[in-house]
Every structure is written in C-alpha cells, then in structure tokens.
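Observations on the three-dimensional arrangement
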Amino acid sequence: MKKIYFFLVMVFAVNGAQGQLLQWNTFGNLGTETTEPSVFNDVNLSGVTNLTQGSIIAAANGNRFGGSGWFNTGNTVSGNTLVEAIAGNDYIQFIVTPNAGFSFTPTSLVFTWDRSGTGPSSVTLRSSADGFTSDLGTVTGMISGGAATTTPRTITINTLTNLATATTFRLYGYAATTTGGTGGFDNASSVVDVQLNGTTAATGTPSLSVAPSSLAFGSQAVGTQSVSQSFNLSGSELTGAPGNITVNSPSTDFQVANDNATWGASTTIAYATSTLSATPVYVRFTPQTGGSKSGDITFSGGGVTTPPTVALTGIGTKTYYSKAAGTLTDVSNWGDVSDGSGTAPLDFTTDGQIFTVTNRATETLDANWTVSGAAAKVVTGNGNSATELIIPSGFALTGTVDAANLGTLTLQNSTLPTMGTFSTGSTINFAQSGTSVIPAGTYYHLILFSGTKTLASGTTTVNGNFVVDGVTGFNGSATPFSTVNLAGDFTLLNAAAFEPNPTGDGNRLTLILSGSGTQSLIGGDFQLFRLQTPAAPATTLNILMSGANILLGNVASGGVNLQQSTHTLSLNGGTLTIRGSGFFNAANTGT
C-alpha cells in the first residue's frame, strides 16, 4: 500500500496533467535491492516493469534504488565522464514493452536523485531504439543530501515516437570521484519518485505495399544478366523499428539488390521508424536455362503477416546453330555450338529458342517450317559470314525471322513470316512472282525482285541501298501515302519500271533522301510524288542522277523540296519533269 498512497500527489507535483506510462516508488527500500518493480503501468503496456542495475553494486541507503561503483578504476579522478560510464556499464535501466497492437511515445522521465559527496552528479538517458548511441537528455549538477530527495529532475524526450516493440532505457550516472561514491533514485516520503511520461496508441496492422506489382523482362540470353528494373517498397505500422524487411527472389533466374550493385538471392531494406517511405528495390533477370521464367518476390519482417508479392516474368533465350548440311526442319541438324555440334533442341516450339542459319552459304527451305514459342525466332546468318535463306514458293516459314549482318532473306512465297529485326549489313529480298504488297518497316538493304510490287501505306525506312529489279508497275499506296526514307542509293535494274499510267498518280510515293555525301538514283525513270531531303540534321548531300530521269508531282501537289542549302540535285544529263500541281522548292537548286 505504501507504493501507491501518494500516487496523485506525484502526478501533479511532478508533471502536471501529462499521461503516465510507468511509475516507481523507492520509499522504504533498504538500498540493497537489485530490482525495483513498478507501481503503475499504462494499461497498454505489459506486466510489471522492473528497474535493474548495470555493473553498479547495491549499497545500503534507505529509500534508495541505486548503489556504488559508478566510478571505475582508471576513470577521470576529477569526475568520471559519460564515455567512461558507458564503457563501465554504469547505469540503471528499465524495459518498456507495449502490448500487441499498441505503440508508445515517451515524452519525459521525471525523478528524484540523491548521492553521496563522491557519487554521480550527472546522468544521461539513452535507449535501445538506436543501440544506445545518442543522448535523449542529460541532467547535471545534482546536489547531495538536503533538498535532493524532494527536487524533481526532468529529462525531456523529443526523438522517440510510436515505438511498437520492447525498448530498453538506460540512465548512465557519472561525474563520480571515487569507487565508493553512491547514488540513485531516492525520496523522503512515500511518493512516486520515478515516472516515465508519454502516450500509447493503437498501431493498426503492419503492412507493406509495392508499386508496380509486376516486372516483365522480355528476352535474355541464358547465362547473362538483364538491365535492372525496380519497384518501390513502402510500409506502415511496422514493428521492431529500427529493423529490416527481407526481400527474397523466387529463384536463381532473378536477383535482387537494395543498391543496384550488390546482387543476390535476397536483400534487406532498412526502416528506422514504423513507417517506411517509398524505397527502390532493384531486380535483374539472370536466366539459367532457356524458356519462360516466372515467380514472385516475397517479403518478411516488420510484423507484416500478409505481405504483398511482385510478379516477375522473363524468357531465357537459347541459341542453336545449323549444321553445314541437312534439312533445317529436322532438330538433329541443329546444335548449341557455333558449328552446329553440341546438344540439339528437343523441338521447334519451346519458348526462347533462337535458330541461327549458318555454316552454309545458301539454304533453300525444303519443307514447311514452324518455329513457335514466346520469343522464339529464326536468324539468317551469324553476323560474320554471308548466308542466304530462301523461302521458296512451295514451302512456308511460320514464325519470326531476323537477319544478321551479311545475312540475306529471300522471300519467294507469298505467305510471309513475321518480320523481325534486320541488322546493319543485312539484305531482305522480296522475290515473289505476281502482285505483292511490301510491308512497311525498317530494313538495311532492300531488294524488290520480279512481279508487281507495291509499297504498303506508311514509311519504309531503308538504311542501306534500295534495288528494284525486273519489277513492273512499282508504286506506293494511299491513306496514308507511302514514303521511302532512304540513306543509300536507289537503283532500277532489268527494265524495272514504276506504274506508268496516270491512273497510278494518286499512289505515287514520296522519296526522302536522308544520307550524306552522294546518293545516286540509277538506271531508269523514277516516277514519284515528291523528292525531298530532311531539314535536320545538317548535312552535305549531292543527289546524283545516273542514267536516270525524274518525273515528280501529280494533280494535287508534289515536286522537289530540298530543305538545306548544302543539298544539291545533279541531273547529270537526265531530265527533271514536274507535272500537275507540283512545285520546285530548294534552298540550293543544283544543276
């Protein structure tokens, strides 16, 4: 009963109407106690909370909890320091444990302190929230005897909020001058003489969130690493602060990092308080085998019971090479070594398989061939030696086809494969008989051979040379009109001719010459809607006619539009005809 008799007296006398978290009353102690149970705990804090001692030794002093040994051998004789007290574990401590679902915010520690003449006159409070590294507050110059047991001392706490896990507080005593000097919490009557003030609050449910919740990496060669992607991880009401959230990758096909540099199967994201602001987590795709890969990044820590996931997808690509001979449609004629030896594929349908036609100068498909599966494709050539793949009229290739440097894809079948990526130095030859529409896209060298060829609507980019060979009725399309953006030469061979009749004028194409130096128009009559050069970037360009004539414009518009003064048109003995409503607009007219 002695411990609570003057409860309200101390509440108001020491700290006004502020909320109390914990209280102790040392009145009646012999001074030899090594633990001091609390006389009051906030309902949202668990159990009885004991004051305990570090390395100090309980000593007989009535009404006190403390002891001697605050000064250690080797300490500063004029008064030991805080650093020495920390090194000597010279403290009184208590642990505050919130109930599940609650946090606490301490605001002050109020106490009375008495000491012997050589005992500690200064104290500093620290906590386990930061590993006892920073001061929460300090009281210095405390007297010995007299009014000491009735003079409240206050340490205001400003830096700790919403602590949701058990937290230890240590009050280090120092400025003692002998090992026998005593000090501790003390009072002169049965009142609360140690009180931790503050508030408690419901914490809510710890949670994590991610944005975005999925990452798609596309295709990546087996045994290599993709460019990293990232998502943001956020958290609220996290417990255990300061702490870490562990991030786990789903498999060895994916790696994670918290700094975009140190990669592994897992990483950690640190949080200093119960709230984790949006923090990037980095992921990269590291396929170990070919095929489609997927899995979820998972999280643990912070008291979160239902963490989110981040869905990952990617396709590991595996390259196979054709042998020097044998039909391409037989898996036994392929291997994963560049000369065609090694392990053969099981089929042509698995995701991520790349079939490189090489080790032979020319190969004509001798059966229908389907290469399916996500990110699967055929590549003509290995980029180092010339290889031509011919798709004849009698057999079709179903799937995506790329062409490497020095690779040629000749298309004689009216059923086209899916057109992929055509590297610098590659050639695509549309060689179908009859009437064909050439798909718009980006090519390097482009050949149109035989039959009647029409460019599809939109822009066809040719970064190398453009050859029309033996084609009759060559023209563009309308809505939108066909445009050829050409960086190299344009050649007509073997009596190749544009559609000659006025009925074709509405579908004439625009030719944009975007190279530099000299670009030549060679070998015939070029019937165009407009001949144009770009306004930028700045270049020097001479358009040279070689055995050729140009007919430009129609009843609507068209003509010549050279947009830089360094661009010239040299007819070189040919003729320039502008028809209908065509115009001539050039900063430099040329010759």
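First things first, this report covers the structure right here in the doc. (Residues numbered from 1 in each chain as written. Predicted model: local features only at pLDDT ≥ 70, side-chain atom pairs only at ≥ 80, totals over all residues. Heavy atoms only, no water.)

**What to know about the overall build of the protein**
Within the protein one finds 2 helices and 51 strands. Here the C-alpha radius of gyration of the protein, 42 Å, is well above what a compact globule of 591 residues would show, namely 25 Å. The dimensions of the protein, computed from C-alpha atoms along their principal axes, are 120 × 60 × 45 Å. Scored against the burial criterion, the 591 residues of the protein give a buried share of 48%. Pairs at least 24 apart in sequence give 61% of the contacts found in the protein among residues at least 6 apart. Total accessible area on the protein is roughly 23600 Å²; 53% of this is exposed by carbon and sulfur atoms. Across the protein, the centroid of the 17 positively charged side chains sits 5 Å from that of the 28 negatively charged ones. (Helix = DSSP H or I, 4+ residues; strand = E, 2+ residues; numbered from the N terminus. Rg over C-alpha atoms; globule rule 2.2 N^0.38 Å. Buried < 20%, exposed > 50% of the residue type's maximum accessible area, 1.4 Å probe, protein only. Contact = heavy atoms within 4.5 Å. Areas by Shrake-Rupley, 256 points an atom, 1.4 Å probe, with all protein chains shown as cover. Lys, Arg positive; Asp, Glu negative; His and termini not counted. Charge placed at Lys NZ, Arg CZ, Asp CG, Glu CD.)

**Some remarks on the environment of Val310**
Mapped onto the elements of the fold, Val310 is located in strand S23 (residues 310–322). Exposure remark for Val310: the relative accessible area of 0% places this residue in the buried category. Spatially, the C-alpha atoms of Val310 and Ala176 are 57 Å apart, while their sequence positions differ by 134 residues. Apart from the residues lying within four places of it in its own chain, the contact partners of Val310 are Val210, Pro212, Ser213, Ser214, Leu215, Phe231, Gly295, Asp296, Ile297 and Phe299.

**Topic: the layout of surface pockets**
Here the largest pocket is characterised by a volume of approximately 190 Å³. Taken together, 14 residues line the largest pocket, and the ones lying closest to its centre are Ala129, Thr159, Leu160, Leu163 and Ala272. One number sums up the size of the second largest pocket: a volume of about 160 Å³. Contributing to the lining of the second largest pocket are 13 residues, with Gly290, Lys318, Tyr320, Thr350 and Gln353 lying nearest its centre. Across the lining of the second largest pocket, the residue classes break down as 4 nonpolar, 6 polar and 3 charged. (1 Å grid on protein atoms, 1.4 Å probe; cavity = no way out; pocket = protein on both sides within 12 Å on 5 of 7 lines; lining within 4 Å. Points joined across faces, edges and corners; volume = space filled by probe spheres on them. Nonpolar A, V, L, I, M, F, W, Y, C, P; charged D, E, K, R; others polar.)

**Describing the nonpolar core**
What tends to happen in soluble globular proteins is that the nonpolar side chains get buried as a cluster. Ranked by size, the top nonpolar core spans 54 residues in total, and within it Trp369, Leu448, Phe466, Val468, Phe474, Phe490 and Leu511 carry the most contacts. Top contributing element to this core by residue count: strand S47 (residues 541–552), with 6 residues. What Phe474 contacts, discounting residues up to four positions off in sequence, is Leu448, Lys453, Leu455, Phe466, Val468, Phe490, Ala497, Phe498, Glu499 and Leu509. Membership of the second largest hydrophobic core comes to 32 residues, among which are Leu21, Phe65, Trp70 and Phe71. (Core = buried A, V, L, I, M, F, W, Y, C linked by side-chain atoms within 4.5 Å.)

**A look at the sheet that holds strand S41 (residues 472–475)**
With parallel pairing, the 3 strands of this open sheet are ordered in space as S35-S38-S41. Because the sheet does not close on itself, it has two edges, and the strands there are strand S35 (435–438) and S41. Neighbouring strand axes in the sheet, compared pairwise and without regard to direction, differ in orientation by 15 degrees on average. Looking at chain direction, S35 and strand S38 (residues 452–455) are connected through 4 bridges and run parallel. Each bridged residue has a counterpart across the sheet, and for Ile438 the counterpart in S38 is Leu455. (Pairing = 2+ DSSP bridges. Axes fitted to C-alpha atoms, helices over the stretch in contact; angles between N-to-C directions.)

**Considerations on the environment of Gln519**
Residue position: Gln519 is located in strand S45 (residues 517–528). Residues Gln519 and Ala241, 278 residues apart in the sequence, show an inter-C-alpha distance of 69 Å. Those residues in contact with Gln519, other than ones at most four positions away along the chain, are Leu486, Ala487, Gly488, Asp489, Leu513, Ser514, Leu541, Asn542, Ile543 and Leu544. Separated by 3.1 Å, the side chain of Gln519 and the backbone oxygen of Leu486 make a polar contact. At 3.5 Å, the side chain of Gln519 and the backbone nitrogen of Ser514 are in polar contact. (Polar contact = N/O pair within 3.5 Å; in protein donor to acceptor, adjacent residues only side chain to side chain.)

**Observations concerning the packing of aromatic side chains**
Tallying each qualifying case throughout the model produces 27 aromatic pairs. Relative to Tyr443, the ring of Phe422 lies with its centre 5.6 Å away and its plane at 10 degrees, an arrangement referred to as stacked. Placement of Phe422 in strand S33 (residues 418–422) and of Tyr443 in strand S36 (residues 442–443) is noted, with a sequence separation of 21 residues between them. Judged by its relative accessible area of 2%, Tyr443 falls in the buried class. By way of ring pairs, the aromatic residues Tyr320, Trp334, Phe348, Phe355 and Trp369 are connected into one cluster. (Phe/Tyr/Trp six-rings, centres within 6.5 Å; stacked < 30°, edge-to-face > 60°.)

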